Amino acid sequence: EYCERLAHDIDQILTSMDNSKWGDASKRAEATASYFSSHSFRLRDQVMADVATGKMTVPDGTDSLEGIRWLERVSKHICRITFYMHELQSRQLRN
């Protein structure tokens, strides 16, 4: 579910960026960052439960937790980048 959502969102963000639609890219990036931020605690809890019950090894659990943190961090960076590119584009259009 999360991987499919991420792949879909990234595809839409990249399409908007390729077409210089920074406002659309910024809105999608913000929604993506918010989505992953709001679901990260549940994902972490699931990983920890899987490690505790033996469904996942400790090294795999560690890798999964690092992956979740990385996705959150990168989604926030993409959100900021697209926001500032939209701001720049808006200023250029006004001048």
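These numbers come from a predicted model, not from an experiment. (Residues numbered from 1 in each chain as written. Predicted model: local features only at pLDDT ≥ 70, side-chain atom pairs only at ≥ 80, totals over all residues. Heavy atoms only, no water.)

## A short note on the confidence of the model for the protein chain
Consideration 1: In this model, the protein chain carries a mean pLDDT of 92, and residues with pLDDT of at least 70 account for 100%.
Consideration 2: Within the protein chain, the element-level pLDDT minimum falls on helix 1 (residues 2-18), averaging 90, and the maximum on helix 2 (residues 22-52), averaging 94. (pLDDT = per-residue confidence, 0-100. Helix = DSSP H or I, 4+ residues; strand = E, 2+ residues; numbered from the N terminus.)

## A look at the pattern of salt bridges
Once their charged atoms are close, side chains differing in charge can pair, the charge on each being opposite to the other.
Consideration 1: Enumeration according to the criterion identifies three salt bridges in this entry.
Consideration 2: Measuring nitrogen to oxygen at the nearest pair gives 3.2 Å for the salt bridge that ties Asp 9 to Arg 28. Of this pair, Asp 9 sits in helix 1 while Arg 28 sits in helix 2, and the two are 19 residues apart along the sequence.
Consideration 3: By relative accessible area, which is 27% here, Arg 28 ends up partly exposed.
Consideration 4: One network of salt bridges, in which partners are shared, links Arg 5, Asp 9 and Arg 28. (Salt bridge = Lys/Arg side-chain N within 4 Å of Asp/Glu carboxyl O. Buried < 20%, exposed > 50% of the residue type's maximum accessible area, 1.4 Å probe, protein only.)

## Some words on the packing of helix 1 against helix 2
Consideration 1: Remark: helix 1 packs on helix 2, axes separated minimally by 8 Å, with the N-to-C direction vectors making an angle of 160°. When the axis of helix 1 is compared with that of helix 2, the two are roughly antiparallel. Of the two possible hands of crossing, helix 1 and helix 2 adopt the one that is left-handed. Along the contact surface, helix 1 presents Tyr 2, Arg 5, Leu 6, Asp 9, Gln 12, Ile 13, Ser 16 and Met 17, while helix 2 presents Trp 22, Asp 24, Ala 25, Arg 28, Ala 29, Ala 31, Thr 32, Tyr 35, Phe 36, His 39, Arg 42 and Leu 43.
Consideration 2: Per-class residue counts for the contact of helix 1 with helix 2 are 11 nonpolar, four polar and five charged. (Axes fitted to C-alpha atoms, helices over the stretch in contact; angles between N-to-C directions. Parallel < 35°, antiparallel > 145°, perpendicular 65-115°, else oblique. Left-handed = near helix turned anticlockwise from the far one by under 90°. Contact = heavy atoms within 4.5 Å. Nonpolar A, V, L, I, M, F, W, Y, C, P; charged D, E, K, R; others polar.)

## Remarks on helix 2
Consideration 1: Between its first and last C-alpha, helix 2 extends 43 Å over 31 residues, near the 45 Å set by a 1.5 Å rise per residue.
Consideration 2: Along helix 2, the largest kink reaches about 45° and is centred on Ser 40.
Consideration 3: Backbone geometry just after helix 2 places Gly 54 at a positive phi near 85°. (Expected span 1.5 Å × (residues − 1). Bend = angle between axes of the 7 residues up to and from the residue.)

## What to know about the packing of aromatic side chains
Consideration 1: The full count for this structure, using the stated rule, is two aromatic pairs.
Consideration 2: Measuring from ring centre to ring centre gives 5.3 Å for Tyr 35 and Phe 36, while their planes differ by 90°; the resulting arrangement is edge-to-face. Taken individually, Tyr 35 and Phe 36 each receive the classification buried, so the pair is uniform in this respect.
Consideration 3: Centroid distance Phe 83 to Tyr 84: 5.1 Å. Interplanar angle 80°. Geometry classified as edge-to-face.
Consideration 4: On the basis of relative accessible area, Phe 83 is assigned to the partly exposed category, the value being 37%.
Consideration 5: One residue, Arg 5, lies across the ring of Tyr 35, its end atom 3.8 Å from the ring centre. (Phe/Tyr/Trp six-rings, centres within 6.5 Å; stacked < 30°, edge-to-face > 60°. Lys NZ or Arg CZ within 6 Å of the ring centre and 35° of its normal.)

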